Amino acid sequence: MLFLVLGRGKTGSIITEIAKERGHSVRVLGEEENRNAAALTGPFLATFDVVIDFTTPEAVIHNLRACLANGARVVVGTTGWYDHLNDMRSLAERKGAGLLYGTNFSVGVQAMLRVARELAIAAPHYKFSITETHHADKKDAPSGTALSLKQALQAANPSLEVEITSKREGDASGIHLIEARSQNDKLELKHEAFSRRAFAEGAVRAAEWIAGKTGVWEFSEIAAQIS
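### Some words on the environment of Pro-142
Structurally, the position occupied by Pro-142 is in the loop between β6 (127–134) and α6 (144–156). If near-sequence neighbours (up to four positions away) are discounted, Pro-142 is found in contact with Glu-132, Leu-147, Ile-164, Ser-166 and Arg-168.

If you want it as structure tokens, here you go:
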């Protein structure tokens, strides 16, 4: 397959590497070449099987509108744009496009989300908090993954109030820690990414999955099919 990767950042570079390892061809488009999605025309997009976006919360909105309006298949790992999700869903449905989005494409994080729901049920009277640590260049805070973890906890136990603390340090790939505390003890659930490769591999496999499909999915809905 032929993938178009939007974004020349560290994760985008690893996605390109993994896609080639898995036998795909890749073209990379940096933000300087695609301001306000100017490069994402219908004829240009028609040459690609899937577009993979790992840009910024500001750029992704323009990219999504252009891609979905032209019926493209898109995998989005960028976060910070979910206020526009309903609009993008509607556009994808009207134009027969494919959209697969997620706060985190790591299989390990998907497992953490499942365990977090169980913990919220098993310790309903504990006080829950989340601490997330990412590299200093990460644009959004709290991270999309931290927000997903909070949503998972509160969906399982709506009475929970969950505080999130965000840290931005060096080149950290991502650490998420859930703490459940009582007067007598403390439980911790932690996921630490050693590199961006786990996210990138999940994104490439997500692109393989969505090729040729029409609809809108959140990654957790289909993660089990590619893990």
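That was the structure; now back to the text.
### Thoughts on the sheet that holds strand β7 (residues 163–168)
Across the sheet, four strands lie side by side as β7-β6-β8-β9; this open sheet has mixed pairing. The strands lining the two open edges of the sheet, one partner per strand, are β7 and β9 (186–192). Within this sheet the neighbouring strands show an average axis-to-axis angle of 15 degrees, counted without direction. The sheet contact formed by β6 and β7 spans six bridges and is parallel. Each bridged residue has a counterpart across the sheet, and for Ile-130 the counterpart in β7 is Ile-164. Helix-sheet contacts for helix α5 (residues 107–122) involve β6, β8 (175–181) and β9, and the interaxial angle to β9 is about 165 degrees.

### Considerations on the side chain of Thr-133
Looking at where Thr-133 falls in the secondary structure, it is placed in strand β6. Apart from the residues lying within four places of it in its own chain, the contact partners of Thr-133 are Lys-167, Arg-168, Glu-169, Ala-172, Gly-174 and Ile-175.

### Quick notes on the pairing of strand β1 (residues 2–6)
It is a general feature of regular strands that their side chains alternate between the two faces of the sheet. Of all five residues making up β1, four are buried, and the element is well covered by its neighbours. In this structure, β1 lies alongside strand β2 (residues 25–29), joined through five bridges in parallel fashion. Looking at the pairing, Leu-6 lines up with Leu-29 of β2. With helix α1 (residues 10–21) bridging β1 and its parallel neighbour β2, the resulting β-α-β unit is right-handed. Of the strand pairs in this sheet, β1 and strand β3 (residues 50–53) are connected by four bridges, and their pairing is parallel. Note that in β3 the partner of Leu-4 across the bridge is Val-51.

### Points about helix α7 (residues 197–210)
When the terminal C-alpha atoms of α7 are compared, their 20 Å separation across 14 residues agrees well with the 20 Å that a helix rising 1.5 Å per residue should span. Along α7, the residues classified as buried are Phe-199, Ala-200, Gly-202, Ala-203, Val-204, Ala-206, Ala-207, Trp-209 and Ile-210. Among the residues trailing α7, Gly-212 stands out with phi positive, at a value near 85 degrees.

### Digging into the pairing of strand β5 (residues 98–101)
Along β5, one buried face is formed by Gly-98 and Leu-100 and the opposite face, lined by Leu-99 and Tyr-101, is buried too. The pairing of strand β4 (residues 73–76) with β5 spans four bridges and is classified as parallel. Bridged to Arg-73 within β5 is Gly-98. Tracing the backbone out of β4, into helix α4 (residues 85–95) and back to the parallel element β5 gives a crossover that is right-handed. Here four bridges tie β5 to strand β10 (residues 215–218), and the two strands are oriented parallel to one another. Within β10, the residue paired with Leu-99 across the bridge is Val-216.

### Description of the nonpolar core
One finds Leu-4, Leu-40, Leu-64, Leu-68, Val-74, Trp-81 and Leu-99 to be the most contacted residues of the largest nonpolar core, which totals 27 residues. Counting only elements with at least two residues in this core, the list comes to β1, α2 (42–45), α3 (57–69), β4, α4 and β5. When near neighbours in sequence (up to four residues on either side) are disregarded, Leu-99 contacts Leu-64, Leu-68, Val-74, Val-76, Met-88, Ile-210, Gly-215, Val-216 and Trp-217. Within the second largest apolar cluster, 24 residues are counted, among which are Phe-3, Val-50, Ala-200 and Val-204.

Reading guide: rules and limits
- Residues numbered from 1 in each chain as written.
- Predicted model: local features only at pLDDT ≥ 70, side-chain atom pairs only at ≥ 80, totals over all residues.
- Heavy atoms only, no water.
- Helix = DSSP H or I, 4+ residues; strand = E, 2+ residues; numbered from the N terminus.
- Contact = heavy atoms within 4.5 Å.
- Pairing = 2+ DSSP bridges.
- Axes fitted to C-alpha atoms, helices over the stretch in contact; angles between N-to-C directions.
- Buried < 20%, exposed > 50% of the residue type's maximum accessible area, 1.4 Å probe, protein only.
- Right-handed = clockwise from strand over helix to strand, strands pointing away.
- Expected span 1.5 Å × (residues − 1).
- Core = buried A, V, L, I, M, F, W, Y, C linked by side-chain atoms within 4.5 Å.

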